[in-house]
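What follows is each chain in one-letter form.
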Amino acid sequence: SQAYTRLENEVTTIQTVKHPAVIRVHGLERAHHITFLTREWIEGPSLLDAMRQRGGIPAAEALEILTAIAGGLDAVQRTGVPCPELAAPWITLTKEASGATLPKFNALNFSAVAPHDPDATLVTAPLSRGAAAGDRYITGIATLAYQMLGGMHAGHETFVPIPGISDEANLVRRRAL
């Protein structure tokens, strides 16, 4: 009951976000003992699928995708809702009428209301428990940037520098993470 109320409040808040990178949420419904979420229909490959197919995302394209996601995150952060789970499998790359790629992400954070799944195979980047909300957004976007540019996870909270970018860029990335 508490989790449903929390999610219901978050849905109402997220419905006010009008940013092209944020998947629009139409409503949270209950019918008998079933709860379901209605949202914008989107089609396209996941960011993870694109990275696997191409072995990473070229820096110029990564910048465009990350800029769109960052704008959407700014809009979400202004509402005061928790930072959404940002992970490459859950970001969809759609095509605009102009042919440009537009990333779309779900701004709802289900981690507070979803039961723990011991069989889950997807693991998101760890966020420090005491980190401020803004830090969580920075860590999320920095982790995506690292992965998109071909960075490899080398162990718990250890990241290897990306050879294709400058030492200064690697230092900025390391500080953000």
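Caption draft 1: Quick look at the overall build of the protein chain. A count of helices and strands for the protein chain gives five helices and four strands. Start at the N end of the protein chain and walk to the C end: the helices and strands fall as α-β-β-α-α-β-β-α-α. Burial analysis of the protein chain (177 residues in total) assigns 36% to the buried set. Contacts in the protein chain between residues at least 24 apart in sequence constitute 62% of all its contacts with a sequence separation of at least 6. Surface summary for the protein chain: the accessible area is close to 10,900 Å², and the carbon and sulfur share equals 55%.

Caption draft 2: Examining the confidence of the model for the protein chain more closely. Per-residue confidence for the protein chain gives a mean pLDDT of 80, with 77% of residues at or over 70. When the criterion is pLDDT under 50, residues 120-131 qualifies, and its contacts beyond four places in sequence or with other chains add up to 14 contacts.

Caption draft 3: Looking closely at the pairing of strand 3 (residues 91-95). Burial analysis of strand 3 places four of its five residues in the buried class, which makes it a mostly covered element. In this sheet, strand 4 (residues 101-105) lies alongside strand 3 in antiparallel orientation, the contact comprising five bridges. Pairing of I91 across the sheet is with F105, part of strand 4. Linking strand 3 back to strand 4 in an antiparallel pair, the connection comprises five residues, with G99 at a positive phi of about 95°.

Caption draft 4: Local environment of the environment of C83. In this fold, C83 is placed in the loop between helix 3 (59-79) and strand 3. On the accessibility criterion, C83 (12% relative accessible area) is buried. Spatially, the C-alpha atom of C83 lies 6.7 Å from that of N109, the residues being 26 residues apart in sequence.

Caption draft 5: Geometry of the packing of aromatic side chains. Summed over the entire model, instances satisfying the criterion amount to zero aromatic pairs. Residue placement shows R30 over the ring face of Y4; its charged tip is 3.8 Å from the ring centre.

Caption draft 6: Local environment of the nonpolar core. Judged by nonpolar contacts, the single largest core of 35 residues is most densely connected at L47, I57, I69, V76, F105, L144 and M148. Of the residues forming this core, the biggest block, seven residues, is contributed by helix 3. Look past the residues within four positions of F105 in its chain and what remains in contact with it is A21, V22, I23, I69, G72, L73, V76, P84, L86, W90 and I91.

Caption draft 7: Highlighting unusual backbone geometry. Not every positive phi belongs to a glycine, and H32 is a case in point at roughly 60°. Tracing the chain through its elements places H32 in the loop between strand 1 (25-31) and strand 2 (34-39). A relative accessible area of 81% places H32 in the exposed class.

The rules behind the values
- Residues numbered from 1 in each chain as written.
- Predicted model: local features only at pLDDT ≥ 70, side-chain atom pairs only at ≥ 80, totals over all residues.
- Heavy atoms only, no water.
- Helix = DSSP H or I, 4+ residues; strand = E, 2+ residues; numbered from the N terminus.
- Buried < 20%, exposed > 50% of the residue type's maximum accessible area, 1.4 Å probe, protein only.
- Contact = heavy atoms within 4.5 Å.
- Areas by Shrake-Rupley, 256 points an atom, 1.4 Å probe, with all protein chains shown as cover.
- pLDDT = per-residue confidence, 0-100.
- Pairing = 2+ DSSP bridges.
- Phe/Tyr/Trp six-rings, centres within 6.5 Å; stacked < 30°, edge-to-face > 60°.
- Lys NZ or Arg CZ within 6 Å of the ring centre and 35° of its normal.
- Core = buried A, V, L, I, M, F, W, Y, C linked by side-chain atoms within 4.5 Å.

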